Amino acid sequence: MKRLEQMYEGKAKILYHTDDPDLAIQYFKDDASAFNGIKKGSIVDKGIVNNHISSAIFKFLEANGAPTHFVDRPSDREMVVKKLEIIPIEVVLRNVVAGSLAKRTGLPEGQELKQPILEFYYKSDPLGDPMINEYHIAEFGWATDDEVALLKSQGFKINELMVEFFKKRGIRLVDFKLEFGRHKGEVLLGDEISPDGCRLWDWETGEKMDKDRFRFNLGNVEEKYQEVYQLICGDPG
Ligand code: TMP
């Protein structure tokens, strides 16, 4: 597999063409951003940690019937993925009140939800990813009705799988964001699943182990990312 010219550079990753027209390479950077790019910085070895964590989670999801774009992890910072036509919708799943849900409702952070909540956001940096609903998606043609049904069913299924996955490792999955895309007529989970796009709290202490540490200058950012990495990918012995 040969890495060819760059397709796209995002805030945390670079996407490259390869010599296989169906496959791309995601290169994971250490760059970090928050509040729609207003806060910028870097987290040492974040790219390596996020690539390993994402790869482990994608493999787990694939094995449990949730198709993803993951193909291989040939190096610390590279992931081979199926090329996707990205659906411009971010699917957020929530199990506990936090972040923008706490702000929007005035409810206290940490309140357990009786059942998970699924939300849609329109993927647009200039607009700051506004919240949308199914009527917006249909009206503006961002996805078909069948695709929306799939985003919902896969979203809830992935949430159920991931809640258990993290719980077994002593982590509470508070909320997270998913992105999907089309590949040869199939809708696949894309992007990454890492502490950059999830809220992860220590099950015992409630300590934050995710990008909120960077967003709100809580300190020990690298240490907590490494801890998540060890809990997911480390030698259990
Ligand atoms: P929020 O509380 O800020 O709406 O975020 C909910 C979860 O989704 C949180 O784990 C962060 C993640 N997320 C992203 O990673 N990127 C995004 O653009 C959005 C809207 C959420």
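Structure: see above.
Residues numbered from 1 in each chain as written. Predicted model: local features only at pLDDT ≥ 70, side-chain atom pairs only at ≥ 80, totals over all residues. Heavy atoms only, no water.

Caption draft 1: Region of the structure containing the sheet that holds strand β1 (residues 3–9). Taken in spatial order, the 5 strands of this open sheet run β1-β2-β3-β7-β6, and their pairing is antiparallel. With partners counted over all chains shown, the strands left at the sheet margins are β1 and β6 (70–72), one partner each. The average angle at which neighbouring strand axes cross in this sheet is 40 degrees, direction not considered. In this sheet, strand β7 (residues 78–82) lies alongside β6 in antiparallel orientation, the contact comprising 2 bridges. Considered in β7, the bridge of Phe70 is made with Val81. Contacts between helix α1 (residues 46–63) and the sheet are confined to β3 (23–28), β6 and β7, with β7 contributing the most and set at about 35 degrees to the helix. (Pairing = 2+ DSSP bridges. Helix = DSSP H or I, 4+ residues; strand = E, 2+ residues; numbered from the N terminus. Axes fitted to C-alpha atoms, helices over the stretch in contact; angles between N-to-C directions. Contact = heavy atoms within 4.5 Å.)

Caption draft 2: Local environment of helix α4 (residues 145–167). Compared with an ideal rise of 1.5 Å per residue, which puts 23 residues at 33 Å, α4 spans 33 Å between its outermost C-alpha atoms and is within 8% of the ideal. For α4, the set of buried residues is Glu147, Val148, Leu151, Gln154, Gly155, Ile158, Asn159, Leu161, Met162, Phe165 and Phe166. (Expected span 1.5 Å × (residues − 1). Buried < 20%, exposed > 50% of the residue type's maximum accessible area, 1.4 Å probe, protein only.)

Caption draft 3: How the structure looks around the packing of α1 against helix α6 (residues 221–233). The interhelical angle for the contact between α1 and α6, taken along N-to-C directions, is 30 degrees, at an axis separation of 10 Å. Between α1 and α6, the crossing angle belongs to the class labelled roughly parallel. Relative to α6, α1 is oriented so that their crossing is left-handed. Contacts from Lys46, Val49, Asn50, His52, Ile53, Ala56 and Ile57 of α1 reach α6 at Tyr225, Gln226, Val228, Tyr229, Ile232 and Cys233. Across the contact of α1 with α6, the residue classes break down as 9 nonpolar, 3 polar and 1 charged. (Parallel < 35°, antiparallel > 145°, perpendicular 65-115°, else oblique. Left-handed = near helix turned anticlockwise from the far one by under 90°. Nonpolar A, V, L, I, M, F, W, Y, C, P; charged D, E, K, R; others polar.)

Caption draft 4: Representation of the state of the cysteines within the structure. In total, this model carries 0 disulfides according to the counting rule given. The cysteine Cys233 is free of any disulfide, with Cys198 supplying the nearest cysteine sulfur at 13 Å. (Disulfide = S-S within 2.5 Å.)

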